[in-house]
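Spelled out, the chains give:
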Amino acid sequence: MPSSREYARWRNRMVDDQLVKRGINDRRVLDAMRVIPRHAFLPEEFKPQAYEDRPAPIGEGQTISQPYIVAFMTERLRLKPHHTVLEIGAGSGYQTAILCHLSHYVYSIERVSRLADQAGERIGDLGYNNIEIYVGDGSQGLPDQATFDRIMVTAAVPRLPNVLCSQLDKHGGQMILPIGDEELQELTLVTRRGVRFTSRALLRCRFVPLIGRYGFDSDISDEQQIF
Ligand code: SAH
């Protein structure tokens, strides 16, 4: 097993080579990704590959996103320390930890209870307590806690869910989410000003499907495992 110093060296190299060189330049995002140990969010056998330039399996047919995608989505949300954030699809909890590091409070929803438990434990171990993880269908958001300054969806949706748009803060609330079919999506940034919503496609990507009322049906999930 690599030592934690070795992991730290790989992590810094990941930030320099995969993020800075590709144009990520938000200092707070880069700092968060230098600090938070991605290997702590992977199953034992995949830890040594934690700082490679790709997604990785986390069990239950799900994946932890590629570091660049995590950095890109986080940077585009322009998180402020006072923001309240809703994340949909906690998965391993790695992205969640980054959101905890950069904002005031994070609500996260995960469909698979085993993943939610594990993510909560790992984030707690790192010392973050500005987080609540719910188990359930995040495609409907979290109406009881709305509105949110920022929403991040880390699984693919077939179309923009109105129910999530309505949970954005009226004064410049923003959401980032992959919209498309099961094969390919466009990472889209939605901004709310009062009753006006604008949306911008930013990047082609491939996420696992969001399974739920405003996502995809559950029967596609078994064949769509993305490693
Ligand atoms: N950001 C995570 C990505 C995990 S993959 C990471 O980097 O580890 C997407 C996650 O969305 C999976 O864990 C999957 O179980 C979850 N998911 C799928 N449909 C969901 C739904 N309707 N509500 C909440 N989570 C969902």
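Residues numbered from 1 in each chain as written. Predicted model: local features only at pLDDT ≥ 70, side-chain atom pairs only at ≥ 80, totals over all residues. Heavy atoms only, no water.

1. As for the overall build of the protein chain
Then, in step 1: Counting secondary structure elements, the protein chain contains six helices and nine strands.
Then, in step 2: Here the C-alpha atoms of the protein chain give a radius of gyration of 16 Å, agreeing with the 17 Å that 2.2 N^0.38 yields for 227 residues.
Then, in step 3: Judged by the C-alpha coordinates and their principal axes, the protein chain covers about 50 × 40 × 30 Å.
Then, in step 4: Counting only residues that meet the buried cut, the protein chain has 52% of its 227 residues in that class.
Then, in step 5: In the protein chain, the share of contacts with a sequence separation of at least 24, taken over all contacts with a separation of at least 6, comes to 56%.
Then, in step 6: Side-chain charges of the protein chain comprise 28 positive and 29 negative groups, with the mean position of each set lying 9 Å from the other. (Helix = DSSP H or I, 4+ residues; strand = E, 2+ residues; numbered from the N terminus. Rg over C-alpha atoms; globule rule 2.2 N^0.38 Å. Buried < 20%, exposed > 50% of the residue type's maximum accessible area, 1.4 Å probe, protein only. Contact = heavy atoms within 4.5 Å. Lys, Arg positive; Asp, Glu negative; His and termini not counted. Charge placed at Lys NZ, Arg CZ, Asp CG, Glu CD.)

2. With respect to the confidence of the model for the protein chain
Then, in step 1: Considering every residue of the protein chain, the mean pLDDT works out to 95; 96% of them sit at 70 or more.
Then, in step 2: Contacts for the low-pLDDT stretch residues 222-227, under 50 throughout, to residues beyond four places or in other chains number 11 contacts. (pLDDT = per-residue confidence, 0-100.)

3. Considerations on the site of the ligand
Then, in step 1: Taken together, 24 residues sit near the ligand, with Ser 92, Glu 110, Asp 137, Gly 138 and Ile 211 positioned nearest.
Then, in step 2: Ile 211 places a main-chain nitrogen or oxygen 2.7 Å from a nitrogen atom of the ligand.
Then, in step 3: When the ligand sits alone it has 580 Å² of accessible area, and the protein chains cover 99% of it.
Then, in step 4: Elements with a contribution of two residues or more to the shell around the ligand: strand 2 (62-64) and strand 4 (105-110).
Then, in step 5: In terms of residue count, the dominant contributor to the shell around the ligand is strand 2 (three residues).
Then, in step 6: When the residues that make up the shell around the ligand are grouped by side-chain class, the tally is 10 nonpolar, 11 polar and three charged. (Near = heavy atom within 4 Å. Polar contact = N/O pair within 3.5 Å; in protein donor to acceptor, adjacent residues only side chain to side chain. Areas by Shrake-Rupley, 256 points an atom, 1.4 Å probe, with all protein chains shown as cover. Nonpolar A, V, L, I, M, F, W, Y, C, P; charged D, E, K, R; others polar.)

4. Thoughts on the nonpolar core
Then, in step 1: Within the largest apolar cluster, 46 residues are counted, with the highest numbers of intra-cluster contacts made by Leu 19, Ile 24, Met 33, Tyr 94 and Ile 98.
Then, in step 2: For this core, the elements supplying multiple residues, two or more each, are helix 1 (4-19), helix 2 (27-35), strand 1 (56-59), helix 3 (67-77), helix 4 (94-102), helix 5 (113-125) and strand 8 (185-193).
Then, in step 3: Top contributing element to this core by residue count: helix 3, with seven residues.
Then, in step 4: Dropping the residues within four chain positions of it, Tyr 94 is found in contact with Met 14, Met 33, Ile 36, Arg 38, Phe 41, Ile 64 and Val 70.
Then, in step 5: Grouped together as the second largest cluster of nonpolar side chains are 19 residues, Leu 86, Ile 109, Phe 148 and Leu 168 included. (Core = buried A, V, L, I, M, F, W, Y, C linked by side-chain atoms within 4.5 Å.)

5. A word on unusual backbone geometry
Then, in step 1: The omega torsion of the bond from Ala 146 to Thr 147 falls at 10°, within 30 degrees of zero and hence cis.
Then, in step 2: By the element assignment, Thr 147 lies in the loop between strand 5 (131-135) and strand 6 (150-153).
Then, in step 3: Phi is positive for Glu 60, close to 60°, though the residue is something other than glycine.
Then, in step 4: Here Glu 60 lies in the loop between strand 1 and strand 2.
Then, in step 5: The partly exposed category is assigned to Glu 60, whose relative accessible area is 41%.
Then, in step 6: Even without being glycine, Arg 78 reaches a positive phi, approximately 45°.

6. A short note on the pairing of strand 9 (residues 196-205)
A regular strand carries its side chains on alternate faces of the sheet.
Then, in step 1: Bridging between strand 8 and strand 9 involves nine bridges; their strand directions are antiparallel. Looking at strand 9, one finds that Thr 191 is bridged to Thr 198.
Then, in step 2: From the end of strand 8 to the start of strand 9, which pair antiparallel, there are two residues, and Gly 194 there has a positive phi angle of about 65°. (Pairing = 2+ DSSP bridges.)

7. Some points on the sheet that holds strand 8
Strand-to-strand pairing in sheets goes through backbone hydrogen bonds, with the strands running parallel or antiparallel.
Then, in step 1: An order of 5-4-3-6-7-8-9 is seen for the seven strands of this open sheet, with the pairing classed as mixed. Bordering the open sheet on either side are strand 5 and strand 9, each of which pairs with just one other strand. Put simply, the sheet's adjacent strands are angled 15° from each other on average, direction ignored.
Then, in step 2: In the packing of helix 5 onto the sheet, the strands contacted are strand 4 and strand 5, and the crossing angle to strand 5 comes to about 170°. (Axes fitted to C-alpha atoms, helices over the stretch in contact; angles between N-to-C directions.)

8. Let's talk about the environment of Val 157
Then, in step 1: With respect to the helices and strands, Val 157 occurs in the loop between strand 6 and helix 6 (162-165).
Then, in step 2: Looking at Val 157, the relative accessible area reads 0%, which means it is buried.
Then, in step 3: Separated by 105 residues in the primary sequence, Val 157 and Glu 52 place their C-alpha atoms 26 Å from one another.
Then, in step 4: When sequence neighbours within four positions are dropped, the list of residues in contact with Val 157 reads Leu 177, Pro 178, Ile 179, Gly 180, Leu 210, Tyr 214 and Phe 216.

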